[in-house]
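Survey of secondary and tertiary structure
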Amino acid sequence: MITANPTAGSEPRDDVRFRVLGPVRAWRAGVELPLGPRQQRLVLAALLARAGRSVSLAELVALLWEGDPPRSAANAVHRYVGVLRRLLEPGLPARAPGRWLVRQGGGYLMRVGPDQLDLLAFRASLRRARAAVTAGSAQEAVSCFGAALEQWQGRCAADLETVVGDHPLFATLEFEYVAAVTEAADAALCSAAPPSVLQAVRQAARRHPLDERLQARLMLLLASDGRQAEALLMYRRVSTMLRDELGVEPGAELRAAHERVLRGRTEDPRPSPSVATAPGTAVGTGTGGAVRPGPAREEERRTPPPAHPVPAQLPADLPCFTGREHAVRQALDLAGETGGALPVLAIDGMPGVGKTALALRVAHRVASRFPDGQLFADLGGFTSGKGPSDPGAVLYGFLEALGLPRWRIPETTDSRAALFRSVLATRRILVVLDNASDVEQVRPLLPGASQCMVVITSRRRLSGLAAAFGARLTGLDVPSTTEAIGCFLRRAGVGRPDEGAGAVEKIVELCGRLPLALSIVAARVLGRPDQPLSRTAAELAAAGEGLDGFSDDDRGNDLRAVFSSSYRTLGPDAARIFRLLPAYRTAEFGTGELAAVAGLPLQAATAALGELVRSGLLTPLRRDRYGAHRLVLAYAAELDRGARQRPAGVPRATARRAAEHVEVAHPGVDDVRMMTAA
């Protein structure tokens, strides 16, 4: 474990040690430090539990005062941080940033490494253990698991347990601990070395008496160590507790362990890279529980079912996907990185630009790197007719797909998020979150383990993910002319009679190279196999500046509906500016001129333009200059015409309000026309 005394020859800056896996403690120069009152120790515990990542001031205030902070709460946190800094660095001048405890963003961060903090030492040993399992070195794996578990001297922040309770910051680490104990037990069973981790598994099972996975492994370890009677007695005790406290019978895993103990077969039945079994042999047990090779029976040579469900939720890849080579290559590079941080790819862009198609192409390309499965959710951030999905509901579905029984899924979103991170701590899972509304919706859905990966799409740029998690942000623009032509031809089919006459180029131009528009027109072409492409191009040209040429039987793919789902998120100022854009008949817009025409103060116009950018309806070109896609401008023009065309006797303001708000109930400009013409 991390020792209190510094190693010989260490530099002064390394002469500090912390412990958070158990009572919170700290040493400097081999001398234990007095950490002060409860709230000050809580601040230190939170910083250590986050282990090298910042804790926001708001999180610290909520932890210290449990939702009822005094007005002086922020000042009190700053004061506690100042005292801790001077404890760690007695000669530190007032207001100096310090070496260990530093300000970062809107919070604080403790700079520590595995040599200073038991939590990071635990994780380092755990990584070595998992690498040994993968390499097939069973004994080394068990040894590293043992070194990892030795770091735990009780629950995280054990001296503050009555305060921290089930707080997500600390509960997450407890789940991480349980996952490590479970892996250690599996490795010990595969290597015939149960006594080496038996005590650690026994302690974990005592702390979590209703965790059937832990109880099952403890039973098998006891039996493998020659304690079958104790294992059977334990099964009866756990079964009684499950019935009395939860009203349920033992689950399949616990029953299977009981059956193996009765039959004298206590080895881990799952295939493991740490066990190399020669063809024609199987693992069996002799008297006294020693593991030895024996003749293989036919049923033992069959591949057993996986230990947990492997979800495969990805929708089908687009068969006619083309282009985007650079974006795909960047995503594949990210999936292959091994820097220790969770790989997060956030794709943003205007409505209909092909974000979901790119995300699914990337997901299918990298899926084989995530053998424990793929999770997918449409978060409904910009979906007509319903609001954004609740993260808690999404987590419930994910946890069910990962094999958790419903009674084990907590009620609150924070607790579900902590459990989700714990379950994925030992699995390689790809998570695809489509159509996200904002960072806050996504944050609870992120795993904590670096062996997983997350792909997100949103019309908004999720800059907060880059700041907090180092996410790779990819802004998607319309494809090049060559890519757009290839996209259209693959969707519409090749060999059309007049492809060489410039009809395809004209169609692509009229679609503004927007992938959704291209797909709508291509579907129409497929439905009219005898109609030449030149006629399709003429129909689009005859539709003029409107969107009549891009209607679709599926309202979810109709261009008006897609643009409307972004327009509905705008406030009144942003909506007014948006409808004024077509009057400029220019490719660029400036803040000052838009503010003047809309009759808004410059500050209000700037905020409104920010809304338009975040919704994907405007694109920043350079400082104080913005642009919009030609089809987006066509939609804005239709809205403006709908607002201005009102029947006699209806006040202009009434018609304008109807045009601004009708899409909340009925997205699409056709409804605006009905209201203003009725």
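Everything below is about the structure shown above.
Below is a short write-up of the structure. (Residues numbered from 1 in each chain as written. Predicted model: local features only at pLDDT ≥ 70, side-chain atom pairs only at ≥ 80, totals over all residues. Heavy atoms only, no water.)

Right, let's get into the overall build of the protein. Within the protein one finds 29 helices and 16 strands. The 678 residues of the protein split such that 51% are buried. Accessible surface computed for the protein: about 30,800 Å², of which carbon and sulfur atoms make up 51%. (Helix = DSSP H or I, 4+ residues; strand = E, 2+ residues; numbered from the N terminus. Buried < 20%, exposed > 50% of the residue type's maximum accessible area, 1.4 Å probe, protein only. Areas by Shrake-Rupley, 256 points an atom, 1.4 Å probe, with all protein chains shown as cover.)

Another aspect to go through is the pattern of salt bridges. Here the structure, examined in full by the defined rule, presents 19 salt bridges. Ionic pairing is found between Glu183 and Arg130, a salt bridge with its closest N-O pair at 2.7 Å. Taken together, the residues span a long stretch of sequence, with Glu183 in helix 7 (residues 168-191) and Arg130 in helix 4 (residues 118-135) at a distance of 53 residues. The class for Arg130 is partly exposed, based on a relative accessible area of 23%. Between Glu259 and Arg263 there is a salt bridge; the shortest N-O distance is 2.9 Å. Separated by four residues within a single helix, Glu259 and Arg263 lie in helix 11 (residues 252-263), roughly one turn from each other. Owing to a relative accessible area of 35%, Glu259 belongs among the partly exposed residues under this scheme. Overall, Arg263 belongs to the exposed group, its relative accessible area being 63%. Sharing partners across several salt bridges, the network here consists of Arg155, Glu174 and Arg207. (Salt bridge = Lys/Arg side-chain N within 4 Å of Asp/Glu carboxyl O.)

So, about the nonpolar core. Across soluble globular proteins, nonpolar side chains show a tendency to be buried alongside one another. Within the largest apolar cluster, 89 residues are counted, with the highest numbers of intra-cluster contacts made by Phe18, Val24, Val77, Met110, Leu117 and Phe122. Of the residues forming this core, the biggest block, twelve residues, is contributed by helix 7. Once you skip the residues sitting within four places of it in the chain, Val24 turns out to touch Arg19, Leu35, Leu44, Ala45, Leu48, Ala157, Asp159 and Leu160. Grouped together as the second largest cluster of nonpolar side chains are 82 residues, Val353, Phe376, Val455 and Val508 included. (Core = buried A, V, L, I, M, F, W, Y, C linked by side-chain atoms within 4.5 Å. Contact = heavy atoms within 4.5 Å.)

Sheet strands line up and pair through hydrogen bonds in the backbone, either parallel or antiparallel. The three strands are arranged 4-6-5 in an open sheet whose pairing can be described as antiparallel. The open sheet has two free edges, formed respectively by strand 4 (55-56) and strand 5 (101-104), since each of these has just one partner strand. Of the pairings in the sheet, the one linking strand 4 to strand 6 (residues 107-110) comprises two bridges and is antiparallel in character. Counted as the bridge partner of Val55 is Tyr108 from strand 6. In this fold helix 1 (residues 38-50) packs onto strand 4, strand 5 and strand 6, with an angle of close to 65° to the strand it touches most, strand 6. (Pairing = 2+ DSSP bridges. Axes fitted to C-alpha atoms, helices over the stretch in contact; angles between N-to-C directions.)

Glancing now at the side chain of Thr182. For Thr182, the position within the fold is in helix 7. Taking relative accessible area as the criterion, Thr182 reaches 4% and is therefore assigned buried. Polar side-chain contacts of Thr182 include one of 2.9 Å to the backbone oxygen of Val178. Each residue touching Thr182, except ones within four places of it in the same chain, is listed here: Arg213, Leu214 and Arg217. (Polar contact = N/O pair within 3.5 Å; in protein donor to acceptor, adjacent residues only side chain to side chain.)

What characterises a pair of aromatic rings is the spacing of the ring centres plus the angle enclosed by the ring planes. This structure, assessed with the given rule, holds seven aromatic pairs. The rings of Phe563, Tyr567, Phe578 and Tyr635 are connected pair by pair, giving a single aromatic cluster. (Phe/Tyr/Trp six-rings, centres within 6.5 Å; stacked < 30°, edge-to-face > 60°.)

Where helix 7 contacts helix 16 (residues 413-424), the two axes come as close as 8 Å, and the packing angle between them is 30°. Comparing the axis directions of helix 7 and helix 16 gives the class roughly parallel. Between helix 7 and helix 16 the crossing geometry is right-handed. Along the contact surface, helix 7 presents Pro168, Thr172, Phe175, Glu176 and Ala179, while helix 16 presents Asp414, Ala418, Leu419, Arg421 and Ser422. Per-class residue counts for the contact of helix 7 with helix 16 are five nonpolar, two polar and three charged. (Parallel < 35°, antiparallel > 145°, perpendicular 65-115°, else oblique. Left-handed = near helix turned anticlockwise from the far one by under 90°. Nonpolar A, V, L, I, M, F, W, Y, C, P; charged D, E, K, R; others polar.)

Each α-helix turn comprises 3.6 residues. Residues three or four places apart therefore point the same way. Its 24 residues give helix 7 an end-to-end C-alpha distance of 35 Å, which sits within 8% of 34 Å, the value for a rise of 1.5 Å per residue. For helix 7, the tally of buried residues reaches 22 of 24 residues, placing the bulk of the element in the interior. (Expected span 1.5 Å × (residues − 1).)

In short, geometric facts, not functional conclusions.
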